[in-house]
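# Understanding the architecture of this molecule
One-letter residues, chain by chain:
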Amino acid sequence: MASISSGTTDRRSKVAQARVTLAKTAVFAASSIPLVWLFWQGLGLGGASLGANPVETVLHSLGTTALNLLLITLAVTPLRRLTGMNWLVRLRRMLGLFCFFYLSLHFLTYALLDLQLAWGELLVDIALRPYITVGMLAWLAMIPLAITSTQKMQRRLGRNWIKLHRLIYPIAILGVVHFFWQAKADLFEPLLYAGMLSALLAFRVYEWIGKTRRRGKPAATAASQIS
Amino acid sequence: MAKLKHDIKPSEITPEADFMNRRTLLQSALAAGLLPALASPLRAANLPLSGDLENVSKWPNSLSEAPNSFEDITTYNNFYEFGTGKGDPARNAHTLKPRPWSVEVTGEADKLGTYTLEDILAPHALEERIYRFRCVEAWSMIVPWVGFPLGDLLSRFEPNSQAKYVQFFTLNDRDQMPGLRSPVLRWPYREGLTIAEAMHPLTLATVGVYGKVLPNQNGAPLRLVVPWKYGYKSIKSIVRIHFTDRQPSTSWNMAAANEYGFYSNVNPNVDHPRWSQAMERRLGGGLFSPRINTLMFNGYTDEVADLYRGLDLVRNH
């Protein structure tokens with residue numbers, strides 16, 4: 001936001017800054033809850049427990065949290081447009097990084113606690129189990145996004161930063177497919193996530209069609225940009 | 001309600017060929033020390049609604065490994081009639097009414113009809129048998145079941161020579177089972193065995209666990225336990241037994257035939273299309289316990305391999 005030095009805008013920007021700081025604190029606290037809850041259960045505090053299959057509980061909890069955060073991250077832009085609350089975009093990096101954090105813990109739990117670093121098994125899984133392959137790809141694809149998430153990198157990469165970070169769309173699709181492929185018979189939750197992701201992606205398509213129309217370009221010529 | 005004879009010799013009721021087969025089986029089982037309770041005078045006649053079971057003898061071939069905790073066994077269940085989450089059955093199964101209970105017997109047998117649970121159980125002596133339990137989802141437990149050989153029960157229905165398979169059905173009552181409202185599987189839940197598998201001395205008609213009456217979430221009042229097959233074959237809360245001459249449909253096979261075959265024998269060499277079956281997580285070991293190797297036929301090869309001689313276990317998974 002541009003600021004012209006004057007008393008009212010100073011006060012306004014201070015209020016705006018305070019609002020963002022408060023929102024960031026809230027996002028940080030809320031995003032930490034699933035991890036704190038896992039430790040709480042793991043330590044058996046207040047009768048809580050990870051249940052009969054603790055590795056599965058931890059694995060599923062971390063994976064679900066990562067997917068939730070991914071969808072919330074993708075919801076920032078539509079929410080901004082619909083409400084006009086542009087400051088929401090300043091929460092996006094933290095949400096994205098928390099998503100990467102949980103996804104990494106999800107992978108580490110799989111590698112360290114589930115497979116216990118049986119590398120042979122790990123390679124077989126990655127090669128032969130489609131849902132593992134897909135999940136693995138999603139995590140790997142997210143690493144460059146996490147690395148380039150700083151303001152410095154954003155400035156350095158310029159327009160390419162936006163292009164690179166469009167990787168989040170295929171990552172999200174891989175994430176939902178990963179969820180789908182391991183379901184046994186009850187597809188309710190995977191379908192729910194697929195529905196939410198479809199809505200979030202549909203918003204992008206809708207916006208992009210509007211933009212190309214305004215520019216007076218036929219939609220087809222710009223098709224390569226979004227994929 | 002039909003009435004069942006309580007003491008019939010197997011020779012009275014089975015076609016000779018089947019009877020001879022079974023005899024060989026039983027003899028080998030006796031030789032292997034699997035069936036010492038045959039002559040036991042104990043009776044199970046009165047199954048209490050809950051609490052401790054009386055007159056339960058110990059099966060001498062139980063595993064020596066320590067069983068999983070009662071809590072693990074009764075709070076981590078797949079019983080989709082009460083929800084698809086592992087904790088759902090323990091939370092929701094209180095709506096099941098396991099008494100009065102009856103079982104309908106249909107198909108290729110002479111003593112067809114509907115029998116009360118009391119009638120079903122009356123002549124059978126109860127045994128505690130500690131078996132491995134291996135879920136197709138690659139986790140496992142050690143469970144001290146209480147029951148009696150299913151074959152002893154099936155013989156009383158006098159299956160005829162056309163009875164090549166036995167199909168079992170779970171209760172299908174929406175008032176008692178909230179999970180039936182969602183069409184995750186084809187209801188009623190159904191499972192099946194070949195007659196030889198059903199008559200095998202390891203196949204257990206089960207009414208209890210840990211010396212107590214089966215909790216609802218574990219399939220009260222009567223379930224199967226087929227220890228060399230994946231857990232979903234061990235159908236719960238049985239209300240119908242159907243003898244048939246052709247391979248019966250089974251719920252998981254109907255849901256995904258390429259993933260769940262009719263036989264569903266535990267086999268570390270045949271992977272589920274989406275995950276490996278080579279190893280399993282033995283529950284109860286905590287967060288850091290390693291996976292262990294899955295055993296062929298869940299460790300019951302000596303007892304059951306003969307059932308599958310000449311059968312391609314990859315095709316017939």
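Residues numbered from 1 in each chain as written. Chains lettered and ligands numbered in written order. Predicted model: local features only at pLDDT ≥ 70, side-chain atom pairs only at ≥ 80, totals over all residues.

To continue, consider unusual backbone geometry. Peptide bonds are trans in most cases, and residues, glycine excluded, mostly fall at negative phi. Residue and element names in this part refer to chain B. The residue after Trp187, namely Pro188, is reached through a cis peptide bond having omega -5 degrees. By secondary structure assignment, the location of Pro188 is in the loop between strand S6 (165–170) and strand S7 (190–194). Cis geometry is adopted by the peptide bond preceding Pro221, which originates at Ala220 and carries an omega value of -5 degrees. Tracing the sequence through the fold places Pro221 in the loop between strand S9 (212–213) and strand S10 (223–225). For Asn55, which is not a glycine, the phi torsion comes out positive at approximately 55 degrees. Inspection of the secondary structure assignment puts Asn55 in the loop between helix H2 (16–31) and strand S1 (56–58). (Helix = DSSP H or I, 4+ residues; strand = E, 2+ residues; numbered from the N terminus.)

Residues and elements named next belong to chain B. Within chain B, residue pLDDT values average 90, and 86% of them lie at 70 or more. Counting contacts from residues 10–14, a segment whose pLDDT is below 50, to residues more than four positions away or on other chains yields 11 contacts. Segment residues 29–44: pLDDT under 50, and 26 contacts once partners within four positions in sequence are set aside and those in other chains are kept. (pLDDT = per-residue confidence, 0-100. Contact = placed C-beta atoms within 7 Å.)

Bringing the sheet that holds S7 of chain B into the picture now. Residues and elements named next belong to chain B. The sheet built from 5 strands is open, its strands ordered S3-S2-S11-S6-S7 with mixed pairing. The open sheet has two free edges, formed respectively by strand S3 (113–116) and S7, since each of these has just one partner strand. Between one strand and the next, the sheet's axes are offset by a mean angle of 20 degrees, whatever the strand orientation. Both strand S2 (residues 102–107) and strand S11 (residues 238–244) contribute to a ladder of 4 bridges, which runs parallel. Bridge pairing in S11 links Glu104 to Arg240. (Pairing = 2+ DSSP bridges. Axes fitted to C-alpha atoms, helices over the stretch in contact; angles between N-to-C directions.)

Now for the pairing of S3 of chain B. Looking down a regular strand, the side chains alternate between one sheet face and the other. All names here are of chain B. Relative to S3, S2 is paired through 4 bridges, and the arrangement is antiparallel. The partner of Val105 across the bridge, within S3, is Gly113. In this antiparallel pair of consecutive strands, S2 and S3, the connection spans 5 residues.

The next subject is the packing of helix H8 (residues 168–181) of chain A against helix H9 (residues 188–214) of chain A. All names here are of chain A. Look at H8 against H9: their axes get within 9 Å of each other, and the N-to-C directions meet at 165 degrees. Taken together, the axes of H8 and H9 lie roughly antiparallel to each other. In this structure, H8 crosses over H9, and the sense of that crossing is left-handed. Each of Tyr169, Ala172, Val176, Phe179 and Phe180 in H8 lies in contact with H9, whose residues at this interface are Pro190, Tyr193, Ala194, Leu197 and Leu201. Classifying every residue of the contact of H8 with H9 gives 10 nonpolar, no polar and no charged. (Parallel < 35°, antiparallel > 145°, perpendicular 65-115°, else oblique. Left-handed = near helix turned anticlockwise from the far one by under 90°. Nonpolar A, V, L, I, M, F, W, Y, C, P; charged D, E, K, R; others polar.)

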